Amino acid sequence: MVTASVAAPNAAPVAAPARGRIVVADELGYCWGVRRALDIITDAADTADPIAPIGDVIHNPQVVERLRARGVEGAASVEEAVGRGFGRVAITAHGMGPHLAKEAESARVALIDTTCPLVTKVQRLAQKLVRQGYFLVVYGDGYHPEVKSVIGWAGTSKALAAKKVADLPWTAKRGQAGEGQVAPPRKVAVVSQTTKNVDELMKFAHELQEMVVPEGGEFRLCNTICEPTSERQSALKRLVERDRVDLILAVGGMKSSNTARLAEVGRELGVEAHHIERPEDIEDAWLERVASIGLTAGASTPDDVIEAVVAALVAKGYAAPEGGVRPVDPEYVPAY
Ligand code: SF4
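This is a predicted model, so every value here is computed, not measured.

Colleague: Report on the overall build of the protein chain, specifying residues and quantitative values.
Modeller: Helices and strands together make up the secondary structure of the protein chain, namely 10 helices and 12 strands. Dimensions of the protein chain, computed from C-alpha atoms along their principal axes, come out at roughly 90 × 55 × 35 Å. Counting all 336 residues of the protein chain, 39% fall into the buried class. Considering only contacts in the protein chain between residues 6 or more positions apart, those separated by 24 or more positions represent 72%.

Here it is as C-alpha cells:
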C-alpha cells in the first residue's frame, strides 16, 4: 500500500536539508599585528593629513581601496611620497630597515611606525646575534619587506636570506671543503620570517646545522615564527584532522603569500584546497559531492570578506557555521 504524507495546513515550513556544512577555522583572517597597524594608521589619518605607507600596506585589494578613501595611499619610497605631496609617511606592519627613519627625517616628513612588535623583536634579535659574532641567516623570502627589514637592522654584510640551504653560498660541511667548495663560517644563527611554517623551518635548520657543527662550529636556531601564525597553521590542521573537511577555501588577496601558503598546506594535508579572493571566485565544480567545507583566511583578509564568502556558500545550500566567524578578542596580546 502506498501512503502519502500531507502536511497539515498550518504546519511550519520544513527547511530543505542543507547540502553540507561550513566549518570556519578557529583562527583566521587579520592577525594581531595587521589589525593593530591598521588601527594606528586609520586613527592617524582620520585626525590629520593623508599618510603614505611605504610599500604595500596590506596585500588585499578591498582594504587598499577602503584605506585610499580615508587618506591612506601607498608609495614606493619617501621620495615618491614627498613628490606626490604627502607630509606623512608610515612604516607598515612588516617593518623597514633603519634607513627609512633617516630618509623621512632628511625629507622633513613625519613618520608613523606601525611595525608589528613581533617583527621588532626579530630585528633586535638579529642585531644581538650579529654583535655576538654569528653569521645571520634569515629563513624566509628575500624579497619580502619583513626579511629585508631584519637584514637591514642586522646592519652587516654577514647576513643572508634563504629558503633552501642550496640558496646559501656554502657547498660543503665545515672541515670537508674540497677544491672549489665553500664551508660555512664557525658561528651561524638562524631566525625565521614570522609567517613561515615551523616544520619547514626545522627541516632547513637541521640541514644547515649538519654543515656548521663539525670542527667546533656553533649553530643557533631562534624560532621567531609568531604566535598568530602558529595558531593559524594549527587551526588549519584541525580543520583536516578533527573536522575532516572535504574541501578547503583559503580567502585572501591574490598577492597574499600567507593565504597562498594556507591553501598549499591544506593540499599537503591531503585535502583539495583553493585560494580565493572573493565569493565570485568559488567555482560550482569544486563543490560537487562536497559535504563539508573548511574555511580559512590569510592575515590580511578583512572580516567582512570572510563573512561574504560564508554568505555565498550559504546561498549555495550549505548550513551556516555553528557559532559564526571567530569574534575578535580586544584583550588578546600574543606572547613575545
Ligand atoms: S604575522 Fe605575526 S609578526 Fe606578522 S604582523 Fe601578524 S602578528 Fe605580527
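Colleague: Break down helix α7 (residues 198–212) for me, citing the residues and quoting the values.
Modeller: Between its first and last C-alpha atoms α7 spans 21 Å; for 15 residues at 1.5 Å apiece the expected length is 21 Å, and the two agree. If you check which residues of α7 are buried, you get L201, F204, A205, L208, M211 and V212. Within α7, the buried residues cover an arc of 115° as seen down the axis, which keeps them to one side. Every exposed residue of α7 that faces more than 90 degrees away from the buried side is listed here: D199 and H206. On its buried face, α7 sits against β5 (135–139), β7 (187–192) and β8 (218–222).

Colleague: Give me the sheet that holds strand β1 (residues 20–24): which residues, what numbers.
Modeller: Strand order across the open sheet formed by five strands is β10-β9-β11-β1-β12, with parallel pairing between neighbours. Looking at strand neighbours, the two that pair on one side only are β10 (272–276) and β12 (318–319), the edges of this open sheet. With five bridges connecting them, strand β9 (residues 247–251) and β10 associate as parallel partners. Across the sheet, residue V251 finds its bridge partner in β10, namely I276.

Colleague: Which residues make up the site of the ligand, and what values go with them?
Modeller: Taken together, 14 residues form the shell around the ligand, and within it C31, G33, C116, T194 and C226 come nearest. Secondary-structure elements contributing two or more residues to the shell around the ligand are α1 (32–47), α5 (117–131) and α8 (227–241). When residues of the shell around the ligand are assigned to their parent elements, the largest contribution, three residues, is made by α1. Its residues placed into classes, the shell around the ligand shows 10 nonpolar, four polar and no charged.

Colleague: Kindly report on the sheet that holds strand β4 (residues 110–113), identifying the contributing residues and their values.
Modeller: Taken in spatial order, the three strands of this open sheet run β2-β3-β4, and their pairing is parallel. On the outer flanks of this sheet lie β2 (52–53) and β4, each paired with one strand and no other. Here β2 pairs with strand β3 (residues 88–91) via two bridges, running parallel. Each bridged residue has a counterpart across the sheet, and for A52 the counterpart in β3 is V89.

Colleague: Can you break down the environment of P145 residue by residue, with the values?
Modeller: Position of P145 relative to the elements: it lies in helix α6 (residues 145–154). Each C-alpha atom, one on P145 and one on A81, is 18 Å from the other, the two residues being 64 residues apart in sequence. Excluding residues that lie within four positions of it along the chain, P145 makes contacts with G55, T92, H94, G95 and M96.

Colleague: Provide a residue-level description of the packing of α8 against helix α9 (residues 257–268), including the pertinent values.
Modeller: For the pair α8 and α9, the least separation of the axes is 10 Å and the interaxial angle reads 40°. Of the two elements, α8 crosses α9, and the hand of that crossing is right-handed. Residues Q233, L236 and V240 of α8 pack against L262, V265 and G266 of α9. The residue makeup of the contact of α8 with α9, split by class, is four nonpolar, two polar and no charged.

Colleague: Any chance you could break down the domain arrangement of the protein chain for me, citing the residues and the numbers?
Modeller: Annotation of the protein chain at the domain level lists domain 1 (20–30 + 227–319), domain 2 (32–115) and domain 3 (118–222). Computed from C-alpha atoms alone, the centre-to-centre distance between domain 2 and domain 3 is 30 Å. At the interface, 10 residues of domain 2 touch 10 residues of domain 3. Classifying every residue of the side of domain 2 that touches domain 3 gives two nonpolar, eight polar and no charged.

Conventions and cut-offs
- One numbering rule holds for all chains: residues counted from 1, following each sequence as written.
- Note on the predicted model: pLDDT of at least 70 is required for a residue's local features to be given, and 80 or more for side-chain atom pairs to be given and counted; whole-chain, interface and lining totals, by contrast, use all residues.
- A run of DSSP states H or I qualifies as a helix once it reaches four residues; a run of E qualifies as a strand once it reaches two. Both are numbered from the N-terminal end.
- Counting other C-beta atoms within 10 Å of a residue's own tells you its class, since 20 or more makes it buried, 12 or fewer makes it exposed, and anything in between is partly exposed; those C-beta atoms are placed from the backbone.
- What counts as a contact is two residues whose backbone-derived C-beta atoms lie within 7 Å of each other.
- One less than the residue count of a helix, multiplied by 1.5 Å, gives the span that helix is expected to have.
- Note that the arc is defined by the directions from the helix axis to the C-beta atoms.
- Strands are treated as partners if at least two bridges between them are detected by DSSP.
- In this analysis a residue is considered near a molecule or strand if the C-beta atom, reconstructed from its backbone, is found within 6 Å of that molecule or strand.
- Charged means Asp, Glu, Lys or Arg here, nonpolar means Ala, Val, Leu, Ile, Met, Phe, Trp, Tyr, Cys or Pro, and polar covers whatever is left, Gly included.
- Angles here are taken between N-to-C directions and fall from 0 to 180 degrees, while the axes themselves are lines fitted to C-alpha atoms, restricted in helices to the stretch in contact.
- By the definition used in this description, the sense in which the near helix is turned from the far one sets the handedness, with an anticlockwise turn below a right angle giving left-handed and a clockwise turn giving right-handed.
- Note: domain ranges come from an automatic or database domain assignment.

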